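One-letter residues, chain by chain:
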Amino acid sequence: MKLLVCFKIVADLDQLTPKDYVVEEKINIDTSFVKTTINCFDESGLEFGLRLSDEAEGLNLHIEKSALTIGNSQTELYLKSLNALCYDHTIRIDSGDYDIRFKPDAVGKAIVDYAEKNQQDLIIMGRQSSEGNNFSTPQVVAEQLGTGFIPNVVDIHMMDEHRLKITTDNNGNIYEQTVKTPVVVSVGNAVISKLRVPTLRDRMKYGSKEIEQFPLRLEDKSLAGKVRSLEYVDKSRSGQVIEQKGSEAVHVLYEDYLKRRLDNI
Amino acid sequence: MSLLREEIVEELVKICGQDAVVTDTEVLQESSYDRFRKYEGYHKVFTNPLPAAVVFVKDKKEVSEILRFANANGINVVPRTGHSATEGGLETIIENSIVLDGSQMKKIIHVDTYNMQVTCECGVVLEDLENHVRELGLTTGHSPQSKPIAQMGGLVATRSIGQFSTLYGGIEDMLAGVEAVFADGTITNIKAVPRRAAGPDIRHVVLGNEGALCFITEVTVKLYKYFPEYHVCMGYVLDDMITGIRIMHDVMTEGYKPSVARLYDAEDGKEHFSHFAPGKCVILFVTEGPERISKANAEGIKEIVAKYEECEQVDSKLIETWFANLNWDAARIEEERKEVLQTKNVCCTTEISASWSAVEDIYKICKERIINEIPDITVFGAHASHCYSNGINLYFVYWYNVVDCKPEEEIQKYHLPIKKIICEETIKAGGSMCHHHGVGKHRVHWIDKEHGSALYIVKKLKAAFDPNGIMNAGTILPYKK
Amino acid sequence: MKVLLVIQLQEASGLAEKINQYDEILSWFPSGYGVDCFVCSQADISKKELEEAFENTVYYFRPGVLDIRENLQGIAHRAIEDGYGGIICIEDGCSNELAVLLAQQLKWSYLTNVEEIQLEEQHLLCSKLVYNNNVKAKVVLPLEKFVISMAKQKGNQNRVPLRRALKVKVEKPEITASHIESSCLVCEKSRKNHSHVLIAVGRGMKSKADVCKIREYALKKGYMFGVTRPVAMNGWAGIDEIIGVSGSTYGPKICVTVGVSGSAAFYAGIEQSEYIVSINADKHAPIIAMSDVSVIDDYENIVEDLWKYI
């Protein structure tokens, strides 16, 4: 079975303060000064890839697993780590200066280009990522490849060479499905969320293993909506303090602040 | 004959009231260990005997009565405040211990802005205290990574140190006065004075006692004016850790006083700086204080670093952002718990100190030995974060996968063997195996080598102040039944 | 111009919430727009219920297998056959996925997680949250040939009475899933005790008895109740009552915190509350700035009176 996991490296937005959200030219928000991390849903996908490989071994099957990302040279560190975790292929599609934040069509097309040249039985990727919140790339890939698509996957297990047991969350109801490959799955809040860690020895052993490069083909035509502007949303609350104390304060609290809200409940 | 658990609980309830005495199993389990055994704890495996109760004291009188009771009946007492200890100091190694918790004693008693000191109870969270004095334009100058959760009693008991120590010093430089209750119930108050020579400095009997001599109920620490507008942040990327150590040496010996001087090797730096310094070391400095002093320190440091051509300066915003996200709060600990349970990958640390001439070899030997001798290591690195004119600390940070190993076997298979190498090599080179986390219960194996002939002083202190051995048995000195 | 609103239902009881969201979306479109509904329901909904819920035309579809493509084929077919200019999917577990698949198949423009739609002269101007919900993006879509999936809406609570759909048409499934061999429900959505009010107590509480009293009151009124971690670790509450990153998260209409300092670990458990009220004796407690309104006083002076009102 051939498995491809697509992942995105994102800025750790929890490290940004409100004053860091400055919208610059070309609707850019500079996040270059914060740590990066693997998009959390994609991280689940990468660990699923390794787990499926472990399960395949137990069934005397072989999975050829690949990990692909679209991004700049900062992603190489993560790809090296995936080499050390024995992903058979690690692929980087260099995005260069191209802004892929709100371009799920371009991202999807790049993955499709790769998958068409390197046929895959299972493609795994996260449902969404933090910056663009596009929630679209897995569907673009599935539709353009013409394969089956399972959304919001929370668990995946091997059954045999051509079938998987997939657990999916459908609006809070959990379903177990037997699914035939080829299929694209998008990962939601999965049962596993953290990628295992390679040992120092494996990092040294596989450190110089090649990271494959694949070209990005830019297309002008995109179906996704065009972002016109970005604006920081101030979510801080009013922090209003009632001057009075004791019973008087409670009276003011109820009459001026709570009554209307409680009536609407 | 030792008392039964129920009898202990009954007496505690008589002293402190029902509400203050907790005997819920889950709370007792969580109170039987600290972060040294976090791997076991995250797996809900509790290898230490359960305490009889956790008692939340309200004042020194209750502390005194409880200690007198425990002393008369040979009951082990484990003093605790913030529960953020990392070396096993809070482990209840004896059945039916009493965990004496001061976290409810959380009053800030008096802020003296003219004499520049603040007095507070032992249960005040450092971050709360710091926020309180910042409103007045002041700072305690104390900022360990545990600031959001650590409390003043524990911080004094462990001889803690913070990120700004190179300017403000460690807790030993900040503590002006302290009140503590000893094993026989005696309440002592060491008054806050600028300096005195009225015999040995008895603050140092209390400072760093790790609950093995007394229970700290109240502290007075110094305050400093806070000038955030004059902070200068400088960061550099370089290839070699040893070069970094030499730069730190030059800065300190030339007489400059940054508040922060930190150096990360490439491995430890990977966890923090890979977005701008992948595979490189990072050295950073912060100067602060009145404008002229801050600027002068910054200029001097820049001049020294400029002599090392391999150093490349980075945008200070990178360093500022990193710094703002450094501290550990309850949310981060919870995140760690989830990550450890899923990945079985654990991070532990051992911090040492040594002279300038010894530290380079200690770094190299420890790195070489641990990578070769310990299995399943995923990261082994170090950073230096506290500088002195006569030396520096090294904070070894190591991660390993726990492979084919039950939770309760993890420290024997990985953590203790790593610590053994670091402690022994450091002591051999003339350094100290404990820079600021305390001995706890897991570095007692090397306490004789650590102190050498001076162990005599430590033992005599213990014999004098805790003759019945009820104060946190197994801490600093090994437990002998 | 005709727009097709897609509503997916797992159970009949979910219809009321969808109607509120439908009403809100209707209000964005002027009377010149014909807005019809395509209801994909796993539960049985009667013709009468559908007629009273929606206006104009309602297509009603019961999918056979849990396969997103089954819904997709039916909707795409209807959109082309009846000349709809746009499709809007009301929020559901997989509405984003459905919308993008539809757009890819129809080769229409698309946008997911939309909060609001404004009709402008030349285009639709949509807003959505990006960057971890910290930034609002304004996004342009053409006036025709668009597919939108909505973010969760509060909905229009003021129902327009006496609605009657003109036509209800039952749709038949067009394809059977080719890649799903079997599908079974293993766990139903849990129906937790849900109230619009949450009461949270923190380490400012002076005694276990006080915590118990507030808990009793909350349970009596059918409110949700929780504590900060230190309160549980004091033995004054159960571990399962912890609110925050190491416990439960809530999004009530009103959250009342009593003696809570406001650590980030706790706040993560209540930040989705619509309105936060805090009672705290310390005016510098972080929770004050993170609340909508606060009373700075000892809780003992406040709570007995407060319970008379709420």
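Along each chain, numbering runs from 1 in the same order as the chain's sequence is written. A letter from A marks each chain and a number from 1 marks each ligand, given out in the order of writing. Local features in a predicted model are, by the rule used here, given only for residues with pLDDT of at least 70; side-chain atom pairs are given and counted only at 80 or more, and totals for whole chains, interfaces and linings are based on all residues. The side-chain quantities take in all heavy atoms of the structure and omit both hydrogens and water.

**As for the overall build of chain B**
The cut-off we apply is this: Runs of H or I in DSSP of at least four residues are treated as helices and runs of E of at least two as strands, each being numbered from the N terminus. Just to be clear, the radius of gyration here is over C-alpha atoms, and the globule rule we use is 2.2 Å times residues to the power 0.38. For the exposure calls, accessible area comes from a 1.4 Å probe over protein chains only, and a residue counts as buried if that area is under 20% of its type's maximum, exposed if over 50%, partly exposed in between.
A count of helical and extended segments in chain B gives 18 helices and 19 strands. Against the compact-globule benchmark of 23 Å for 481 residues, chain B has a radius of gyration of 22 Å, which places it among compact chains. In terms of overall dimensions, chain B has a C-alpha envelope of 70 × 60 × 45 Å along the principal axes. Classification of the 481 residues of chain B by burial places 58% in the buried group.

**Topic: the overall build of chain A**
Selection rule: Contact between two residues is taken to exist if any of their heavy atoms lie within 4.5 Å; hydrogens are not considered. The protein chains shown are the only cover counted for residues, whose accessible areas, like all others here, come from Shrake-Rupley with a 1.4 Å probe. Charged residues are defined here as Lys and Arg on the positive side and Asp and Glu on the negative side; His and the ends of the chain fall outside this count. Where a charge lies is defined by one atom per residue type: Lys uses NZ, Arg uses CZ, Asp uses CG and Glu uses CD.
Looking only at helices and strands, chain A features six helices and 13 strands. Dimensions of chain A, computed from the C-alpha atoms along their principal axes, are close to 75 × 45 × 45 Å. Going through the 265 residues of chain A one by one, you find that 57% of them count as buried. Long-range pairs, those at least 24 residues apart, make up 71% of the contacts in chain A with a sequence separation of at least 6. For chain A, the computed accessible surface area is about 11700 Å², with 45% contributed by carbon and sulfur atoms. One way to put it: in chain A the 33 positive side-chain charges average out to a point 0 Å from where the 41 negative ones average out.

**A short note on the side chain of T475 of chain B**
Residue and element names in this part refer to chain B. As a reminder of what qualifies: Under this definition, polar contacts are N or O atom pairs within 3.5 Å; protein pairs additionally need one hydrogen-donor-capable and one acceptor-capable atom, and for neighbouring residues in sequence, both atoms have to be side-chain atoms.
When you line up the elements, T475 lands in the segment after α18 (455–465). With relative accessibility at 2%, the residue T475 sits in the buried group. For T475, the side chain forms a polar contact with the side chain of K441, separated by 2.9 Å. What T475 contacts, discounting residues up to four positions off in sequence, is G89, E210, A212, G440, K441 and V444.

**Quick look at the sheet that holds strand β11 (residues 197–201) of chain C**
Within a sheet, each strand pairs with its neighbour through backbone hydrogen bonds, oriented either parallel or antiparallel. What counts is decided by this rule: Two strands are counted as paired when DSSP detects at least two bridges linking them. Axis definition: a line fitted to C-alpha atoms, over the contacting stretch in the case of helices. Angles run 0 to 180 degrees between N-to-C directions.
Strands sit in the order β13(A)-β15(C)-β14(C)-β13(C)-β11(C)-β12(C) across an open sheet of six strands; the sheet is parallel. Whereas interior strands pair on both sides, the edge strands pair on one side only; in this sheet they are β13 (240–242) of chain A together with β12 (224–227) of chain C. Averaged over all adjacent pairs, the angle separating strand axes in this sheet is 20 degrees, with direction ignored. Here β11 of chain C runs beside strand β13 (residues 254–258) of chain C; their pairing, made up of five bridges, is parallel. Paired with V197 of chain C across the bridge in β13 of chain C is I254 of chain C.

**Focus: the domain arrangement of chain B**
Heads up, the rule is: What fixes the domain bounds is an automatic or database domain assignment.
One can read the domain layout of chain B as domain 1 (5–103), domain 2 (108–225) and domain 3 (228–324). Relative to domain 3 of chain B, the C-alpha centre of domain 1 of chain B lies at a distance of 43 Å.

**A look at the environment of V23 of chain A**
All names here are of chain A. In this structure, V23 sits in the loop between β2 (9–11) and β3 (36–38). Residue classification places V23 among the partly exposed positions, given a relative accessible area of 33%. Sequence-wise, V23 and E231 are 208 residues apart; in three dimensions their C-alpha atoms are separated by 7.1 Å. Setting aside residues no more than four positions away along its own chain, V23 makes contact with N28, I29, L230 and E231.

**A closer look at the domain arrangement of chain A**
For chain A, the assigned domains are domain 1 (2–214) and domain 2 (235–265). For domain 1 of chain A versus domain 2 of chain A, the distance between C-alpha centres works out to 47 Å.

**Brief notes about α18 of chain B**
Residues and elements named next belong to chain B. Selection criterion: This arc is taken over the directions from the axis of the helix to the C-beta atoms.
Considered for burial, the residues of α18 that qualify are L455, V458 and K462. Buried positions in α18, seen along its axis, are confined to an arc of 65 degrees and lie on one side of it. With respect to the buried face of α18, the exposed residues turned more than 90 degrees away are Y456, I457 and A464. Looking at the buried side of α18, the elements it contacts are α17 (447–451).

**Considerations on the pairing of β12 of chain C**
All names here are of chain C. Put simply, the test is: By convention a crossover is right-handed if, when the strands point away from the viewer, the path from the first strand over the helix to the second runs clockwise.
Here β12 shows a buried face lined by M224 and G226 and a second buried face lined by F225 and V227. Two elements, β11 and β12, share four bridges in a ladder whose sense is parallel. Among the inter-strand pairings, V201 is bridged to a residue of β12, identified as V227. For the crossover from β11 across helix α5 (residues 208–220) to β12, the handedness is right-handed.

**Remarks on the nonpolar core**
Selection criterion: Definition of nonpolar core: a set of buried residues of the types Ala, Val, Leu, Ile, Met, Phe, Trp, Tyr and Cys, connected through side-chain atoms within 4.5 Å.
Counting residues in hydrophobic clusters, the biggest one holds 96 residues, and the most contacted among them are L230 of chain A together with F54, I88 and I148 of chain C. The greatest single-element share of this core, amounting to six residues, is contributed by helix α1 (residues 15–28) of chain C. Beyond its immediate chain neighbours, meaning those up to four positions away, L230 of chain A contacts V23, I27, I29, R101 and F102 of chain A together with V130, Y131, V135, K136 and A137 of chain C.

**Considerations on the interface of chain C and chain B**
Test applied: Buried area adds together the accessible area that both of two parts lose upon being put together, with accessible area traced by a 1.4 Å probe. We count a salt bridge whenever a side-chain nitrogen from Lys or Arg sits within 4 Å of a carboxyl oxygen from Asp or Glu. Throughout this entry, Asp, Glu, Lys and Arg are counted as charged residues, while Ala, Val, Leu, Ile, Met, Phe, Trp, Tyr, Cys and Pro are counted as nonpolar. The remaining residues, Gly among them, count as polar.
Contacts between the two partners involve 15 residues from chain C and, on the opposite side, 19 residues from chain B. Roughly 1400 Å² of surface becomes buried between chain C and chain B when both sides are summed, with 50% attributable to carbon and sulfur atoms. Together, R203, M233 and N234 of chain C form the three largest contributors to the area buried by chain C at its contact with chain B, with a combined 40%. Connecting chain C to chain B are zero salt bridges. The interface formed by chain C and chain B includes five residue pairs in polar contact (both at pLDDT 80 or more). Contributions of two or more residues to the side of chain C that touches chain B are made by α5, α6 (229–233) and α7 (264–267) of chain C. A class-by-class count of the residues in the side of chain C that touches chain B yields eight nonpolar, five polar and two charged.

**A few points about the interface of chain C and chain A**
At the interface, 78 residues of chain C touch 75 residues of chain A. In total, about 6800 Å² of surface goes out of reach between chain C and chain A, with carbon and sulfur atoms giving 55% of it. For the pair chain C and chain A, the number of links is four salt bridges. Its salt-bridge partner being E181 of chain C, residue R163 of chain A comes within 2.8 Å of it at the nearest N-O pair. Across the contact surface, chain C and chain A share 50 residue pairs in polar contact (both at pLDDT 80 or more). Ranked by residues supplied to the side of chain C that touches chain A, first place goes to strand β10 (residues 180–187) of chain C with eight residues. Partitioning the side of chain C that touches chain A into residue classes produces 38 nonpolar, 22 polar and 18 charged.

**Topic: the packing of aromatic side chains**
Operational definition: In this scheme Phe, Tyr and Trp rings, the latter by its six-membered ring, pair at centre separations within 6.5 Å, and the angle between planes marks the pair as stacked below 30 degrees, edge-to-face above 60, and tilted otherwise. Either the NZ atom of lysine or the CZ atom of arginine qualifies as a charge over a ring when it sits within 6 Å of the ring centre and within 35 degrees of the ring normal.
Evaluation of the coordinates by the stated rule reveals 22 aromatic pairs over all chains. Ring geometry for F273 of chain B against W322 of chain B: centres 5.0 Å apart, planes inclined by 50 degrees, an arrangement best described as tilted. With a gap of 49 residues between them, F273 of chain B in helix α11 (residues 266–273) and W322 of chain B in helix α13 (residues 316–324) connect regions that are remote in the sequence. Judged by relative accessible area, F273 of chain B falls into the buried class, the value being 1%. For the pair Y217 of chain C and W307 of chain C, a centre-to-centre distance of 4.4 Å together with 15 degrees between the ring planes defines the contact as stacked. Of this pair, Y217 of chain C sits in helix α5 while W307 of chain C sits in helix α9 (residues 303–309), and the two are 90 residues apart along the sequence. An aromatic cluster of three or more residues is present, and its members are F164, Y264, F273, F276, W322 and F323 of chain B. In this structure, K317 of chain B is placed above the aromatic ring of F33 of chain A, and the distance from its NZ or CZ to the ring centre is 4.0 Å. Here the guanidinium or amino end of K2 of chain C rests over the ring plane of Y84 of chain C, the centre of that ring lying 4.4 Å away.

**A look at the packing of helix α3 (residues 68–81) of chain C against helix α4 (residues 95–106) of chain C**
Residues and elements named next belong to chain C. Definition in use: In this scheme, roughly parallel covers angles under 35 degrees and roughly antiparallel covers those over 145, while 65 to 115 is roughly perpendicular and the rest are oblique. Crossing handedness is defined as follows: a turn of the near helix away from the far one that is anticlockwise and smaller than a right angle gives a left-handed crossing, while the clockwise case is right-handed.
Two elements in contact, α3 and α4, have axes separated by 10 Å at closest approach and are oriented at 50 degrees. Comparing their axes, α4 and α3 come out oblique. Of the two elements, α3 crosses α4, and the hand of that crossing is right-handed. Between α3 and α4, the residues in contact are I68, R69, N71, L72, Q73, I75, A76 and I80 and E97, L98, L101, L102, Q105 and L106, respectively. The residue makeup of the contact of α3 with α4, split by class, is nine nonpolar, three polar and two charged.

**Some details on the packing of helix α4 (residues 137–145) of chain A against α4 of chain C**
For any two helices packed against each other, the geometry is given by the interaxial angle and the distance between the axes. At a closest axis distance of 9 Å, the pairing of α4 of chain A and α4 of chain C adopts a crossing angle of 40 degrees. Compared by their axis directions, α4 of chain A and α4 of chain C come out oblique. The handedness of the crossing between α4 of chain A and α4 of chain C comes out as right-handed. Facing α4 of chain A, whose interface residues are Q139, V140, E143 and Q144 of chain A, α4 of chain C presents N96, E97, V100, L101, Q104 and Q105 of chain C. Partitioned by chemical class, the residues of the contact of α4 of chain A with α4 of chain C number three nonpolar, five polar and two charged.

**Some words on the sheet that holds strand β8 (residues 175–182) of chain B**
Residues and elements named next belong to chain B. Reading across the sheet, the five strands line up as β5-β6-β10-β8-β9 and stay open at both edges, with antiparallel pairing between neighbours. The sheet is open, and its two borders are formed by β5 (108–112) and β9 (187–190), each paired with just one other strand. Averaged over all neighbouring strand pairs, the angle between strand axes comes to 10 degrees, with direction disregarded. The pairing of strand β6 (residues 117–121) with strand β10 (residues 214–222) spans five bridges and is classified as antiparallel.

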